[in-house]
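Each chain, written out:
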Amino acid sequence: MVLAAVVDGVGVVVLNRPQRRNALHNEMYEAVPRILERFAADDGVGAVVIGGAGQAFCAGGDVRDGGSAKATKGALASGGRDDQEAQIAARSALLADNARMVTLLHEMPKVTIAALPGAAVGAGMSIALAADLRIAATSARLIPGWAKLAFSGDFGGAWFLTRLVGPAKALELLIADQPIDAAAGLRLGLFNRVVDDADLPDEALRWAAEIAAGPTFAYGSTKANILDAQRLPLAEALLLESERMVRTGLTQEHRDAVKAWLAAAKVGKR
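- As annotated in an unreviewed UniProt entry, the protein chain carries the name Enoyl-CoA hydratase and is attributed to Mycobacterium intermedium.
- A UniProt comment under Sequence similarities (unreviewed entry) is attached to the protein chain, and it reads "Belongs to the enoyl-CoA hydratase/isomerase family."

Laid out in structure tokens, this is it:
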């Protein structure tokens, strides 16, 4: 249900249920975070790509096979208000645990890229938005999907969308619940790149490999700076940013970059 490999320094994760449009299944809630944790700890992995097999990225939670459906479907067992609140708390905890993969994609100290060959629906859209960068096929679409089922949303969809497009636009998109095609996604800044469908696998891997071949500790520190910019006041962010600047200056990748820059400058003066 989930494929994983390391190619050219890139950790590749593929949601592999094409017959179900890669809808999330119980086993995937465990497998994807486990793979992401392994890639995060592997010094041989400089960037991570997550994609979907077939013609879709991910159709969200699989309502046929359970999984998150257990948390959101069905009436509460009879009992008093305290009893029902306890059941809601238990279901909420299950759903949040299933969503660990979005936290890992967002917070791991490596650049993550979502490669979308087609539709990303509901939780699938959230997974795509959780990545640091997104490359989409021309046939790709982001579909919130929750409002049509009178759901409020899960897997951090509103959280990520708000940070990407702002609160008013995020609310508009979630309430409208209309597909966001590749052109609109690029215009809104939800997609960083759009390529022909046939080119998506190669282009996604090429982009990730370029990042993996670069100063990955510096890139990870830059990612941390951007995360801090969204949660901290400037004074606090500056202190952490300054510490990362000092730490990156102590690395071999910094020394190598300086040598390469000096060599290029010397050639340019000739």
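**Some points on the pattern of salt bridges**
- Applying the stated criterion across every chain, the model contains eleven salt bridges.
- Across the pair Glu243 and Arg247 runs a salt bridge, and its minimum N-O distance is 2.9 Å. Of this pair, Glu243 and Arg247 both sit in helix 11 (residues 234–249), four residues apart, roughly one helical turn.
- Its relative accessible area of 49% is what places Arg247 among the partly exposed residues.
- Within this structure, Arg17, Arg20 and Asp62 form a network of salt bridges that share partners.

**Overview of the pairing of strand 7 (residues 133–137)**
- Most of strand 7 is tucked away: five of the five residues are buried.
- Of the two faces of strand 7, the one lined by Leu133, Ile135 and Ala137 and the one lined by Arg134 and Ala136 are each fully buried.
- Bridge count for strand 5 (residues 111–116) against strand 7 is four bridges, and the pairing is parallel. Within strand 7, the position partnered with Ala114 by the bridge is Arg134.
- Bridge analysis of strand 7 against strand 10 (residues 193–195) gives three bridges, and the strand direction is parallel. Counterpart to Ala137 in the pairing with strand 10 is Val195.

**Section: the domain arrangement of the protein chain**
- The domain architecture assigned to the protein chain consists of domain 1 (2–213) and domain 2 (216–268).
- A separation of 29 Å is found between the C-alpha centroids of domain 1 and domain 2.
- Residue-level contacts link 13 residues of domain 1 with six residues of domain 2.
- Per-residue buried area on domain 1 facing domain 2 is highest for His106, Arg163 and Ile211; these three make up 46% of the total on that side.
- Where domain 1 packs against domain 2, one counts one salt bridge.
- Scanning the region where domain 1 abuts domain 2 turns up five residue pairs in polar contact (both at pLDDT 80 or more).
- Elements that contribute at least two residues to the side of domain 1 that touches domain 2 include exactly helix 4 (100–107), strand 5 and helix 9 (200–212).
- Take the side of domain 1 that touches domain 2: its biggest share by element is three residues, from helix 4.

**Concerning the sheet that holds strand 6 (residues 119–121)**
- Taken in spatial order, the four strands line up as 4-6-8-9 in an open sheet, and their pairing is mixed. Pairing within the sheet leaves two strands with one partner each, and these edge strands are strand 4 (56–58) and strand 9 (180–181).
- Pairing geometry for strand 8 (residues 141–143) and strand 9, over two bridges, is antiparallel. Residue Arg141 lies in a different strand from strand 9, and its bridge partner there is Asp181.
- The strands touched by helix 5 (residues 123–130) within the sheet are strand 4, strand 6 and strand 8, with strand 6 carrying the most contacts at an inclination of about 105°.

**Examining the nonpolar core**
- Judged by nonpolar contacts, the single largest core of 49 residues is most densely connected at Phe57, Leu116, Ile127, Leu142 and Phe155.
- Here this core takes seven residues from helix 1 (residues 26–41), the largest share from any one element.
- Those residues within four positions of Ile127 in sequence are excluded, and the remaining contacts are Leu24, Ile50, Phe57, Met101, Val102, Leu105 and Phe155.
- In this structure, Val49, Val111, Ala115 and Ile135 belong to the second largest nonpolar core, which totals 18 residues.

**Describing unusual backbone geometry**
- For Arg21, which is not a glycine, the phi torsion comes out positive at approximately 55°.
- In this structure, Arg21 sits in the loop between strand 2 (10–15) and helix 1.

**Some words on a nonpolar patch on the surface**
- Taken together, the side chains of Val258, Trp261 and Leu262 present a nonpolar region at the surface, about 320 Å² in accessible area.
- By the secondary structure assignment, Leu262 is in helix 12 (residues 252–269).
- Residue class for Leu262 comes out partly exposed when judged on its relative accessible area of 47%.

**Observations concerning the environment of Gly61**
- Along the chain, the position of Gly61 falls in the loop between strand 4 and helix 2 (69–72).
- Along the primary structure Gly61 and Ile127 are separated by 66 residues, whereas in three dimensions their C-alpha atoms are 11 Å apart.
- Not counting residues within four places of it along the chain, the set of residues in contact with Gly61 comprises Ala23, Leu24, Tyr29 and Ala123.

Criteria and thresholds
- Residues numbered from 1 in each chain as written.
- Predicted model: local features only at pLDDT ≥ 70, side-chain atom pairs only at ≥ 80, totals over all residues.
- Heavy atoms only, no water.
- UniProt positions renumbered as here; feature names shortened; annotations may be inferred.
- Salt bridge = Lys/Arg side-chain N within 4 Å of Asp/Glu carboxyl O.
- Helix = DSSP H or I, 4+ residues; strand = E, 2+ residues; numbered from the N terminus.
- Buried < 20%, exposed > 50% of the residue type's maximum accessible area, 1.4 Å probe, protein only.
- Pairing = 2+ DSSP bridges.
- Domains from an automatic or database assignment.
- Contact = heavy atoms within 4.5 Å.
- Buried area = accessible area lost by both parts, 1.4 Å probe.
- Polar contact = N/O pair within 3.5 Å; in protein donor to acceptor, adjacent residues only side chain to side chain.
- Axes fitted to C-alpha atoms, helices over the stretch in contact; angles between N-to-C directions.
- Core = buried A, V, L, I, M, F, W, Y, C linked by side-chain atoms within 4.5 Å.
- Patch = residues over 30% accessible without salt bridge, like charges linked within 9 Å, V, L, I, M, F, W, Y side chains within 5 Å.
- Areas by Shrake-Rupley, 256 points an atom, 1.4 Å probe, with all protein chains shown as cover.

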